[in-house]
Amino acid sequence: MKIIQASKIGSEDWHYLQEKSQLQNPLVLVFGNRYLLEDENVIKNIRQEFSYENIVFASTSGEIFDGSIQDNSISVTAIELENSTYIIERENISNFNMQSNLLGEALLKKLPKEKLKHLFVLSDGLLDGSKLIDGLECNLKKTIAITGGMCGDDARFEKTLTSYNENPKIGEVVLIGLYGETLEVTYASAGGWFPFGPERKITKSKDNIIFEIDNKPALDVYKNHLAHRAIGLPSASLSFPLNVTYEGKTQPVVRTILGVDESQKTLVLAGDAPENSKVQLLMASIDAIIDGAQCATELAMNSRVKNAEIAILVSCIGRKLVMKNRVGEETEYIKETLSDLTTITGFYSYGQIAPFNGNNYTNLHNQTMTVTLISE
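Below: a short report on this structure. (Residues numbered from 1 in each chain as written. Predicted model: local features only at pLDDT ≥ 70, side-chain atom pairs only at ≥ 80, totals over all residues. Heavy atoms only, no water.)

## Re the overall build of the chain
Line of reasoning, step 1. Along the backbone of the chain there are eight helices and 26 strands.
Line of reasoning, step 2. Taken against the 2.2 N^0.38 rule, which gives 21 Å for 376 residues, the C-alpha radius of gyration of the chain at 20 Å falls within 12% of a compact globule.
Line of reasoning, step 3. If one aligns the C-alpha atoms of the chain with their principal axes, the spans along those axes are about 60 × 45 × 40 Å.
Line of reasoning, step 4. Per-residue burial over the chain gives 57% buried out of 376 residues. (Helix = DSSP H or I, 4+ residues; strand = E, 2+ residues; numbered from the N terminus. Rg over C-alpha atoms; globule rule 2.2 N^0.38 Å. Buried < 20%, exposed > 50% of the residue type's maximum accessible area, 1.4 Å probe, protein only.)

In structure tokens form, the structure reads like this:
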């Protein structure tokens, strides 16, 4: 595997981490600020600097470049696979009546399954990620895992951009299939949050909106639990996400609260929360969140045979906003944990996609650090 990384902030020149050289048919990952990816001159400059056929664009809530965190930048990672191959497919939600599960099913059908080792997905950050995963997994062998992330738009939540070769656009989902006998892909996701208060039941909800908890208005229940800490909602809710355990499942997923509706007394989440699910508030110290990032890295490294050649990190915008000026510590710990030979890239997102540790069943997570380690 050969890797070239470069970053560009504002009008500065491109900064390369390795000697600039020409690669053979690389997979090029471009992570960048949404406003920059909307600028045709910026896109033109990227294409001139990296004149390759297979370029994937994704907007972010912050770029992870060589273990450091950047804002308002463009981060490019070009990966030449020497002993394995990749295939990229894309679809747009507008072609599926806004039904993410149908998009996922159609996208998976496009990829050949023979020798498929792993799937990495980059999705529009504002569509239903849980249903997208349902569609992708519908006809997928359980020996094949999916990791990736929902694109970001800083903390604006206005629109996100993704694309494969075309200029970045809204509603796009890009699926990368990795193939090869020698390919080794490991992954893990961890948060560092811990529950407090009683566990309750979601008694009325639709998709990502909770109307009632224990037959009471959801927002009232949430405010009562937080007491004086509820001052400053909805921004204060980033420090107090929800643990949601689906009916019939034992492992909970974390859900960020994106907004509240005072008139309807509802909570709007960054992922689905079905009726009859159990729900409990979460909180964390900054140190615990940082420890969660290191935990995810160690779990991803545990079962590896070879050192990872590249690490793709997808962390949550909620973590970034909570940690503020200490946010760089989570990627610093990861860099210290990994081999010096491991290239690090990634971004801050609206949702992280990965299985629970110990199985291949994929879930949409919030408030986690998800680590995907790849080597040939």
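## Considering the side chain of Asn33
Line of reasoning, step 1. Here Asn33 lies in strand S3 (residues 27–33).
Line of reasoning, step 2. Contacts of Asn33, omitting those with residues within four sequence positions, involve Thr60, Glu63, Asn72, Ser73, Asp154 and Arg156. (Contact = heavy atoms within 4.5 Å.)

## Some words on the pattern of salt bridges
Line of reasoning, step 1. If you walk through the whole model with that rule in mind, you get 22 salt bridges.
Line of reasoning, step 2. For Glu38, the salt bridge is made with Lys159, and the minimal N-O distance between the two is 2.7 Å. Linking Glu38 in the loop between helix H1 (34–37) and helix H2 (40–49) with Lys159 in the loop between strand S10 (145–150) and strand S11 (162–164), this pair joins segments that are 121 residues apart in sequence.
Line of reasoning, step 3. According to the relative accessible area criterion, Glu38 is partly exposed, its value standing at 34%.
Line of reasoning, step 4. Here the salt bridges share partners, and the residues they tie into one network are Arg34, Glu38, Asp153, Asp154, Arg156, Glu158 and Lys159. (Salt bridge = Lys/Arg side-chain N within 4 Å of Asp/Glu carboxyl O.)

## Observations concerning the pairing of strand S22 (residues 310–316)
Line of reasoning, step 1. The element S22 is largely enclosed, with a buried count of seven among its seven residues.
Line of reasoning, step 2. Neither face of S22 is open: one carries Ile310, Ile312, Val314 and Cys316, the other Ala311, Leu313 and Ser315, and all of them are buried.
Line of reasoning, step 3. In terms of strand pairing, S22 meets strand S23 (residues 343–349) through seven bridges, oriented parallel. Within the sheet, the bridge partner assigned to Ile312 lies in S23 and is Thr345.
Line of reasoning, step 4. Note: S22 against strand S26 (residues 369–375), six bridges, orientation antiparallel. Note on S26: the bridge partner recorded for Leu313 is Val371. (Pairing = 2+ DSSP bridges.)

## Observations regarding the environment of Pro26
Line of reasoning, step 1. For Pro26, the position within the fold is in the loop between strand S2 (15–16) and S3.
Line of reasoning, step 2. Remark: the alpha-carbon pair of Pro26 and Ile3, spanning 23 residues in sequence, is separated by 8.5 Å.
Line of reasoning, step 3. Beyond its immediate chain neighbours, meaning those up to four positions away, Pro26 contacts Tyr52, Asn54, Ala78, Ile79, Glu80 and Tyr86.

## What to know about unusual backbone geometry
Line of reasoning, step 1. We note that Asn276 has phi near 75°; this positive angle belongs to a residue other than glycine.
Line of reasoning, step 2. Mapped onto the elements of the fold, Asn276 is located in the loop between strand S20 (266–269) and strand S21 (278–283).
Line of reasoning, step 3. Phi angles above zero are rare outside glycine, and Gln367 is one such case at about 65°.
Line of reasoning, step 4. With respect to the secondary-structure elements, Gln367 resides in the loop between strand S25 (362–365) and S26.

## A short note on empty space enclosed by the protein
Line of reasoning, step 1. Applying the stated criterion across every chain, the model contains four cavities of 30 Å³ or more.
Line of reasoning, step 2. Lining the largest cavity, in full, are Met1, Leu27, Leu29, Ile79, Leu81, Phe120, Ile176, Leu178, Ile312 and Ile374.
Line of reasoning, step 3. Going through the elements one at a time, S3 and strand S12 (172–179) are the ones with two or more residues in the lining of the largest cavity.
Line of reasoning, step 4. Its residues placed into classes, the lining of the largest cavity shows ten nonpolar, no polar and no charged.
Line of reasoning, step 5. Forming the walls of the second largest cavity are Phe196, Pro198, Arg200, Ile213, Val221, Tyr222, His225, Leu242, Leu267, Val279, Gln280 and Leu281.
Line of reasoning, step 6. Among the secondary structure elements, those contributing two or more residues to the lining of the second largest cavity are strand S14 (194–206), helix H5 (218–226) and S21. (1 Å grid on protein atoms, 1.4 Å probe; cavity = no way out; pocket = protein on both sides within 12 Å on 5 of 7 lines; lining within 4 Å. Points joined across faces, edges and corners; volume = space filled by probe spheres on them. Nonpolar A, V, L, I, M, F, W, Y, C, P; charged D, E, K, R; others polar.)

## Section: the packing of aromatic side chains
Line of reasoning, step 1. The full count for this structure, using the stated rule, is five aromatic pairs.
Line of reasoning, step 2. Where Trp14 meets Phe50, the ring centres are 5.4 Å apart and the plane angle is 85°; that geometry is what we call edge-to-face. With a gap of 36 residues between them, Trp14 in the loop between strand S1 (2–9) and S2 and Phe50 in the loop between H2 and strand S4 (55–60) connect regions that are remote in the sequence.
Line of reasoning, step 3. Classification of Trp14 by relative accessible area gives buried; the value is 14%.
Line of reasoning, step 4. The rings of Trp14, Tyr16 and Phe50 are connected pair by pair, giving a single aromatic cluster.
Line of reasoning, step 5. One Lys or Arg, Lys204, reaches over the ring of Phe211 and ends 5.4 Å from the middle of that ring.
Line of reasoning, step 6. Just above the ring of Tyr348 sits the side chain of Lys320; from NZ or CZ to the centre is 5.8 Å. (Phe/Tyr/Trp six-rings, centres within 6.5 Å; stacked < 30°, edge-to-face > 60°. Lys NZ or Arg CZ within 6 Å of the ring centre and 35° of its normal.)

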